[in-house]
Amino acid sequence: QVQLDESGGGLVQAGGSLKLSCTASGSIFGINTMGWYRQAPGKQRELVATMTSGGSANYADSVKGRFTISRDNAKNTEHLQMDSLKPEDTAIYYCNLGQLTPGRGVQTYWGQGTQVTVSS
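Just so it is clear, the structure is predicted and the values come from calculations on it, not from any experiment.

## Observations concerning the pairing of strand β10 (residues 105-110)
Moving on, step 1. Alignment of strand β9 (residues 91-101) against β10, held across 6 bridges, turns out to be antiparallel. Each bridged residue has a counterpart across the sheet, and for L97 the counterpart in β10 is Y109.
Moving on, step 2. Counting the residues in the hairpin turn of β9 and β10 gives 3 residues, including G103, whose phi is positive at 85°.

Right under this line is the structure:
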């Protein structure tokens, strides 16, 4: 079992910054992908950014140049530095981990979500 604990959400004015953090615990395998997804009111959950254990990052077009994902494999943590925030970034942000588990295939885990609100 894997648990994901996230923090860092809050209320910020447009143009401001926030940093989200997520720590994974439990049965973590060396090869995996951690990332962030978000869900705004009335919209489907969408990918924000991901990073593999090898350091390969992927970003949604809407956040490229503004958000930066990073991770510390030794600590099983990841961060999302969000700069130049816009009201459209307002959503609940969820930490995510996907890994290939021997004998079980790909398993996906989710954090509890943290609210990010950006005022105009």
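Having put the structure on the table, let's press on.
## What to know about the nonpolar core
Moving on, step 1. Within the largest apolar cluster, 27 residues are counted, with the highest numbers of intra-cluster contacts made by L4, W36, V48, F67, L80, M82 and Y93.
Moving on, step 2. Elements supplying a minimum of two residues to this core: β1 (2-7), β3 (18-26), β4 (32-39), β5 (46-52), β7 (67-72), β8 (77-82), β9 and β11 (114-119).
Moving on, step 3. Non-local contacts of M82, meaning those with residues more than four positions away in its chain, are made with G16, S17, L18, L20, R66, F67, Y93 and V116.

## Here we look at the state of the cysteines
Moving on, step 1. Summed over the entire model, instances satisfying the criterion amount to 1 disulfide.
Moving on, step 2. One disulfide in the model links C22 with C95; its S-S distance is 2.0 Å. Judged by the sign of its S-S torsion, about -80°, the cystine formed by C22 and C95 is left-handed. Within this pair, whereas C22 is found in strand β3, its partner C95 is found in strand β9, the two being separated by 73 residues in sequence. Across the pair, exposure class does not vary: C22 and C95 are buried alike.

## Let's talk about the packing of aromatic side chains
Moving on, step 1. Enumeration over the complete set of coordinates arrives at 1 aromatic pair.
Moving on, step 2. The aromatic ring of W110 is capped on one face by R45, whose charged end is 3.8 Å from the ring centroid.

## What to know about the pattern of salt bridges
Moving on, step 1. Summed over all chains, the structure comprises 4 salt bridges.
Moving on, step 2. For D89, the salt bridge is made with R38, and the minimal N-O distance between the two is 3.0 Å. On the criterion of sequence distance, the pair formed by D89 in the loop between β8 and β9 and R38 in strand β4 is long-range, its members being 51 residues apart.
Moving on, step 3. Residue R38 is classed as buried on the basis of its relative accessible area of 6%.
Moving on, step 4. In this structure, the salt-bridge partner of D61 is K64, at a minimum N-O distance of 3.1 Å.
Moving on, step 5. Accessibility expressed as a relative area gives 65% for D61, which makes it exposed.
Moving on, step 6. Residues joined in a network through salt bridges with shared partners are R38, E46, R66 and D89.

About the thresholds
- Residues numbered from 1 in each chain as written.
- Predicted model: local features only at pLDDT ≥ 70, side-chain atom pairs only at ≥ 80, totals over all residues.
- Heavy atoms only, no water.
- Pairing = 2+ DSSP bridges.
- Helix = DSSP H or I, 4+ residues; strand = E, 2+ residues; numbered from the N terminus.
- Core = buried A, V, L, I, M, F, W, Y, C linked by side-chain atoms within 4.5 Å.
- Buried < 20%, exposed > 50% of the residue type's maximum accessible area, 1.4 Å probe, protein only.
- Contact = heavy atoms within 4.5 Å.
- Disulfide = S-S within 2.5 Å.
- Phe/Tyr/Trp six-rings, centres within 6.5 Å; stacked < 30°, edge-to-face > 60°.
- Lys NZ or Arg CZ within 6 Å of the ring centre and 35° of its normal.
- Salt bridge = Lys/Arg side-chain N within 4 Å of Asp/Glu carboxyl O.

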